[in-house]
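Coordinates in review
As a plain string of letters, each chain reads:
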There are 2 protein chains.
Amino acid sequence: MHSDQLRAHGLRVTKPRLAVLDILAAGGHLDVDEITRQARSRLDSVSTQAVYDVLGALTRAGLARRIEPAGHPARFEARTGDNHHHVVCRSCGAIGDVDCAVDYTPCLTPSQHHGFRLDEAEVTYWGLCPACQEITDD
Amino acid sequence: MHSDQLRAHGLRVTKPRLAVLDILAAGGHLDVDEITRQARSRLDSVSTQAVYDVLGALTRAGLARRIEPAGHPARFEARTGDNHHHVVCRSCGAIGDVDCAVDYTPCLTPSQHHGFRLDEAEVTYWGLCPACQEITDD
DNA sequence: GGCTAAAGTTGACTCGTTCCAGAAAAAGTG
DNA sequence: CACTTTTTCTGGAACGAGTCAACTTTAGCC
């Protein structure tokens, strides 16, 4: 149950949180608007702020992951723990998952690090999704 | 001369464009604010809008590259043509360059592409820059 | 030098997001 | 069950980054 997940991370179990967690668990990369809409269809009502709060809490707890593709509103996905990456459509912002291409993460070991203490390597593939290709091609 | 670069890309040579191109050529990863400030110190005056327009034109022409780290304002760098990546400080947004770790770009050939037509692979390393480490550590 | 399209100016405005206050409602604890 | 603390609510205001639109200026070409 998702309630256990919440408790395990020291978060209180509330309806909005369960709803959002449920929505994210269903898969996909949703923006705040979409999450809010879906949450409202499950509960009688949820405030926009509550959704932002919940997403913030889940992200901090590591139960959700925030994806912020340049030029598009932020999206969230259930964090599966694996180190996967994303394909983003330049035109509509659609997102797809991509497993790390190589076994060993070439990612986390850059040649130079300028003294930075690194904690994550993010890979984003940019292109056009099938739907947007059709529109552009015609 | 930078005027030639502009002309070569079909762009008219104007004072704001030369100034911005000059500033970028000096190196670094600057945000619009900083570019505007530097441009104003070279010219009598430049509108914020003009700076955005110029940066847009330069980016479209391939003379500049836009970097947009999640949670930080966009930054621009002179495009050197090589396929390098960036280290970004989570705290202050400072950016450093990193050459592609591997010779063959493992980057551009993800295992799955969901039908997307890809044109770029972006790698961002997240961490704390030396300065911010000190503040956090203490 | 004069013409025309491209580039710049100005100011209002959008968008996604955050913050704020105070009141109400739940959740966990003893 | 009563109590304390967290979370949520309503609603509004504010934010920074960036965009739009109408008008003026300027670069490049004859």
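To be clear, the structure that these remarks concern was listed above.
Structural notes, computed from the coordinates. (Residues numbered from 1 in each chain as written. Chains lettered and ligands numbered in written order. Predicted model: local features only at pLDDT ≥ 70, side-chain atom pairs only at ≥ 80, totals over all residues. Heavy atoms only, no water.)

Backbone hydrogen bonds are what pair the strands of a sheet, in a parallel or an antiparallel way. Spatial strand order, 5(A)-4(A)-6(A)-6(B)-4(B)-5(B): 6 strands in an open sheet with mixed pairing. Bordering the open sheet on either side are strand 5 (95-98) of chain A together with strand 5 (95-98) of chain B, each of which pairs with just one other strand. With strand direction ignored, the average angle separating the axes of adjacent strands in the sheet is 30 degrees. Note: strand 4 (residues 85-89) of chain A against strand 5 of chain A, 4 bridges, orientation antiparallel. Looking at strand 5 of chain A, one finds that Val88 of chain A is bridged to Ile95 of chain A. (Pairing = 2+ DSSP bridges. Helix = DSSP H or I, 4+ residues; strand = E, 2+ residues; numbered from the N terminus. Axes fitted to C-alpha atoms, helices over the stretch in contact; angles between N-to-C directions.)

The description of two helices packed together rests on the angle between their axes and the distance between the axes. Residues and elements named next belong to chain A. Contact pair helix 3 (residues 32-42) / helix 4 (residues 48-61): the axes reach a minimum separation of 10 Å and the direction vectors enclose 110 degrees. Relative to helix 4, the element helix 3 is oriented roughly perpendicular. Of the two possible hands of crossing, helix 3 and helix 4 adopt the one that is right-handed. Facing Val32, Ile35, Thr36 and Arg40 of helix 3, the residues of helix 4 in contact are Thr48, Val51, Tyr52 and Leu55. The class makeup of the residues in the contact of helix 3 with helix 4 is 5 nonpolar, 2 polar and 1 charged. (Parallel < 35°, antiparallel > 145°, perpendicular 65-115°, else oblique. Left-handed = near helix turned anticlockwise from the far one by under 90°. Contact = heavy atoms within 4.5 Å. Nonpolar A, V, L, I, M, F, W, Y, C, P; charged D, E, K, R; others polar.)

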